[in-house]
Amino acid sequence: MHLNGRLRVARNHGALRMRLNPNYPYYLANRSHQPNADLEITNKFTGELATRVAIADETAIDRAIAAAVKAEKPMRALRPYE
């Protein structure tokens, strides 16, 4: 088993199997936020709970829009390959 980003990847008799962390944050302006774990993600094959992810509220969405507006000019100044 090895850690691949945030997913733990294991091989079981040649089959690739991934295990998710119990909770995942959302990212806003290059920072992770975990104010809740309200969104349950289920395994579509088993119906079991696979993980939970944070949901952004109205304030977080407003902050994300403000961060995007602030980043627009610096991002435009980057060359396509940067």
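Structure: see above.
Residues numbered from 1 in each chain as written. Predicted model: local features only at pLDDT ≥ 70, side-chain atom pairs only at ≥ 80, totals over all residues. Heavy atoms only, no water.

Side note on the pairing of strand β7 (residues 39-42)
(1) Moving on: Relative to strand β8 (residues 49-53), β7 runs antiparallel, the two being bridged by four bridges. Across the sheet, I41 pairs through a bridge with T51, a residue of β8.
(2) Moving on: Counting the residues between successive antiparallel strands, the hairpin from β7 to β8 contains six residues, one of them, G47, with a positive phi of roughly 80 degrees. (Pairing = 2+ DSSP bridges. Helix = DSSP H or I, 4+ residues; strand = E, 2+ residues; numbered from the N terminus.)

A few points about unusual backbone geometry
(1) Moving on: The phi angle at A29 is positive, at roughly 55 degrees, despite the residue not being glycine.
(2) Moving on: Relative to the helices and strands, A29 resides in the loop between β5 (26-28) and β6 (31-33).
(3) Moving on: When its relative accessible area of 52% is taken as the criterion, A29 is described as exposed.
(4) Moving on: Backbone geometry places N30, a non-glycine residue, at a positive phi of 65 degrees.
(5) Moving on: Among the secondary structure elements, N30 is positioned in the loop between β5 and β6. (Buried < 20%, exposed > 50% of the residue type's maximum accessible area, 1.4 Å probe, protein only.)

Structural notes on the sheet that holds β8
(1) Moving on: Spatially, β4-β8-β7 is the arrangement adopted by the three strands of the open sheet, whose pairing is mixed. Both edges of this open sheet fall to β4 (23-24) and β7, since each of them pairs with a single strand only.

A word on a nonpolar patch on the surface
(1) Moving on: On the surface, L39, I41 and I55 cluster together into a nonpolar patch covering about 220 Å² of accessible area.
(2) Moving on: On the accessibility criterion, L39 (39% relative accessible area) is partly exposed. (Patch = residues over 30% accessible without salt bridge, like charges linked within 9 Å, V, L, I, M, F, W, Y side chains within 5 Å. Areas by Shrake-Rupley, 256 points an atom, 1.4 Å probe, with all protein chains shown as cover. Salt bridge = Lys/Arg side-chain N within 4 Å of Asp/Glu carboxyl O.)

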